[in-house]
Structure formats: structure tokens, C-alpha cells
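Each chain is listed here by its residues.
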Amino acid sequence: MNVGDRHYRTIWLSDDKRSVEIIDQRWLPHDFRIEKIGTVAGIATAIRDMWVRGAPLIGVTAAYGVAMQMADDPSDAALDAVWETLHETRPTAINLRWALDEMRRFLRPLPLAERAAAAYRRAGEIADEDVGLNRAIGANGLEIIKAIAARKQKGEPVNILTHCNAGWLATVDYGTATAPIYLATEAGIPVHVYVDETRPRNQGAQLTAWEMAGHGVPHTLIVDNAGGHLMQRGEIDMVIVGTDRTTADGDVCNKIGTYLKALAAADNDVPFYVALPSPTIDWTVGDGLTEIPIEQRSPDEVSLVWGKTASGEIAQVRVSPEATPAANPAFDVTPARLVTGLITERGVAKASREGLKAMFPERE
Ligand code: MRU
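Residues numbered from 1 in each chain as written. Predicted model: local features only at pLDDT ≥ 70, side-chain atom pairs only at ≥ 80, totals over all residues.

Draft legend 1. Quick peek at the nonpolar core. I43, A62, A63, A67, V239 and A275 are the most contacted members of the largest nonpolar core, which has 103 residues in total. Here this core gets 12 residues from one element, more than from any other, and that element is helix α5 (residues 112–150). Both domains that meet at this core, namely domain 1 (2–128) and domain 2 (153–359), each give it at least three residues. (Core = buried A, V, L, I, M, F, W, Y, C linked by C-beta atoms within 7 Å. Buried ≥ 20, exposed ≤ 12 C-beta atoms within 10 Å, placed from the backbone. Helix = DSSP H or I, 4+ residues; strand = E, 2+ residues; numbered from the N terminus. Domains from an automatic or database assignment.)

Printed below as a string of C-alpha cells:
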């Protein structure tokens, strides 16, 4: 995405060819800060503390972490240790495990002396592949937006609701849920995006809204509880969200609150789509409700909210009594029956085992 007049990916290899530079998402939309990270410990912190976030970007960042480890110590023991260290950082997004598994599978057969260079190369390829997957998702999702636009009055926008940030900032470029939106905008199809604020961390208000503004996409920020009301009034044509892990049965795990949007969409006959690259499918899991670990994050994220003060300081404010305990499950599971379709890089699959198998027959 362009920031100012420069195109940025969310992560790239530094000039020293050993560190990476990332956009530190904790400060957006108020401040655009870039951080350089050159150690496995730094990578682990950046993922755990959400300097980078979003399932695909977490995976790519971890892949570079493995490369940093290989530059320090390319042994099998170090490879296993870095897998464990980075795997522990965030439990729900399967792209993290996918990227770590892929790096280990690729590196293990190589001689030790070749591992560091090969690891950086493979991490770079995984980043490039993510961009390609998202472009393909965009093209497939664009067809859905076009079909809805064709049923509307000429010039009337397609109203899309999205939750959390499954955009450029959650991937390497383009985003998953946002890729069809960006391609529609480029194709001159009028779209308007309702952006859920996405408490507690406000990824919608802080990141998706910033992305939409940057791309010139008409958008409106709404509180998380407004979606059902807007659907009842016919103001939403479709929902598109991302996912942190989708099971082989088509159950969709995504940011907390996604399930409630899916329920409201089903009750109001609003199509509910999930955009995902194939590394987000966990083929080892069927029932999302019982088999996906749900990240429990700090209660402080509920009780304290980040913002910019009138004096320009980026700071936290408390929104609840000091003594009130808070709970913070970060993801929920939307059962496959509530999902209209899974927009993948290969096409739109039915959210079912049969649908996913038909789209990815090699996974048999
Ligand atoms: O906790 P986050 O901000 O990492 O959660 C991100 C999401 O839930 C996204 O919707 C998901 O990772 C898909 S990103 C293409």
C-alpha cells in the first residue's frame, strides 16, 4: 500500500540482509513508525505484543525469525528451539505454525553451511507468495462484488461490512478481506465499507479505517454492536471478514465478535463471506469449537484503551473501575453453516469438508 508517495509492504529485509523492517502497528493511525528487528527475541516480542499482527503477517515474520536463528546457529537443535519459541507467541493463527513447519521442512535436509542463506531466501518467497495469494483472492472476491453491484441501481455503492483488520496490515500486501474491495475500487465499482471498531484493540477503528482512507475507499466507522441493526435495515449487502484458522470442515475462527456478525447476517439473509489463503486452513482439525485454542489476552486490553490526546500524546485511558475484572478472549468460531462461501486463491469454496476438498483435491 502507498503511504505518502511510497509503496510499502508490511515487512521487508533490511539493507544489512540480516534484519527485517516492519511497520509497528501499535501506533497507527496516529504515527507511522518503522522498527528494525534483528534477533529471534525481537521477532517473538513483535508477534506477541502485536507490533505485527494478522495471521499471514505473523507467519511471514516468524519465517524471518527462523532465518535469523539459522544465521546464528544452523543446527537441528537450534531449528527445533526457534520453532518452539516462535510457536508459543500466539496460539490461534494457524499461519504461524504453517510458516514454521514449512521453514523446518525446507531447511532440515540442507547442509548446515547452506541453511542461513536458504532460510532468508525461503522467508522472502513466503512473503512474495502471500502477495500472490491475496491478489488471487481479490480477483475471486471481485466477482462476488460485481454480481451484487449488477443487482443495484447504477452508481449505488455495494455496502460491505468488515470486522477487525484483514487488510494490507494483516498480510504482506493487499490483505485478504480487503483485496476484493481494493480491486473493486480500482475497477470503478462503487463500494462503501462499514468498519467495525473491533474492541478491545480496535483494529477496525485504528487500522482498517486508516487503510480505507489511504486507498480512498468510502467508509464509515461503526461500533461493534451496530452491524445487526444495519443489516435489519437493509444497509449491508455483504460481509467479508478474514480468518486466523479455518478447519477442514469449514468452521471459521476469527477476531472476537465475528460470530455475532455471522448470526445477524444469517437472520437477515446477508451473504457472509470469509477470505482466506490456503495456509490459513488447518487440515488437521474438523470441529472449530472444540479443537482450536482461543488466545486469552491481557484483561488490560479491555479496561484500558489507546488513543491520541488533545495534546498529541499517544496514551492509554481507563474505561472501567480499577477493581473490575475483565476477560479478553481474542477470537471466536463461526460454524460453517453460517458461512456463505470461503474466498480462496483458487475460487469460492463452500464452507464444508466437501467444498474445501473440491477446491484443494491434493489435500486428500
Ligand atoms: O489479533 P489480530 O489483530 O492478529 O487478529 C487479526 C484477525 O483476526 C484477522 O481477521 C485475521 O488474522 C485474518 S488477517 C488476513
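From this point, things continue past the structure.
Draft legend 2. Quick peek at the site of the ligand. In the neighbourhood of the ligand, 17 residues make up the surrounding shell, with R53, A55, A170, G242 and K255 lying closest. Those elements that provide at least two residues to the shell around the ligand are α2 (55–72) and β11 (252–255). The residue makeup of the shell around the ligand, split by class, is seven nonpolar, seven polar and three charged. Both of domain 1 (2–128) and domain 2 (153–359) provide at least three residues apiece to the shell around the ligand. (Near = placed C-beta within 6 Å. Nonpolar A, V, L, I, M, F, W, Y, C, P; charged D, E, K, R; others polar.)

Draft legend 3. Examining the sheet that holds strand β5 (residues 34–37) more closely. Overall, antiparallel pairing links the three strands, which are arranged β3-β4-β5 in an open sheet. At either margin of the open sheet sits one strand with a lone partner, and together these are β3 (11–13) and β5. Across the sheet, the mean angle from the axis of one strand to that of its neighbour is 25°, orientation sign disregarded. (Pairing = 2+ DSSP bridges. Axes fitted to C-alpha atoms, helices over the stretch in contact; angles between N-to-C directions.)

Draft legend 4. Up close: the UniProt feature "binding site: substrate" (unreviewed entry) in the chain. Under the feature "binding site: substrate" (unreviewed entry), the UniProt entry names R53, G54, A55, R90, Q203, N254 and K255. Ignoring any residue separated from it by four or fewer positions in sequence, one finds A55 in contact with A93, N95, A170, D244 and T280. Here Q203 lies in helix α7 (residues 203–215). In this structure Q203 touches C164, N165, T198, T208 and K255, once residues within four positions along its chain are discounted. (UniProt positions renumbered as here; feature names shortened; annotations may be inferred. Contact = placed C-beta atoms within 7 Å.)

Draft legend 5. The confidence of the model for the chain, seen in detail. A residue-level look at the chain finds 100% of positions with pLDDT of 70 or above and a mean pLDDT of 98. The ipTM for the predicted assembly is 0.99, set against a pTM of 0.97. (pLDDT = per-residue confidence, 0-100.)

Draft legend 6. Quick peek at the pairing of strand β15 (residues 314–318). Of all five residues in β15, zero are buried, a share of ten percent or less. Bridge count for strand β14 (residues 304–308) against β15 is five bridges, and the pairing is antiparallel. Note on β15: the bridge partner recorded for K308 is I314. Counted along the chain from β14 to the antiparallel partner β15, the turn is five residues long, and its residue G312 has a positive phi close to 95°.

Draft legend 7. Geometry of the sheet that holds strand β9 (residues 238–241). What the seven strands build is an open sheet, ordered β8-β7-β6-β9-β12-β17-β18; its pairing is mixed. Across the chains shown, the open sheet's two edge strands, defined by having one partner strand only, are β8 (219–222) and β18 (348–349). Pairing of strand β17 (residues 341–343) with β18, which is carried by two bridges, proceeds in the antiparallel orientation. Paired with L342 across the two strands is A349, which belongs to β18. Sheet contacts for helix α9 (residues 258–267): β6 (158–162), β9 and β12 (272–275); angle to β9, the most-contacted strand, approximately 160°.

Draft legend 8. Highlighting the UniProt feature "site: Transition state stabilizer" (unreviewed entry) in the chain. The residues that UniProt annotates with the feature "site: Transition state stabilizer" (unreviewed entry) are C164. Inspection of the secondary structure assignment puts C164 in the loop between β6 and α6 (178–186). Discounting residues that sit within four places of it in the chain, C164 has contacts with T198, Q203, G204, V241, G242, N254 and K255.

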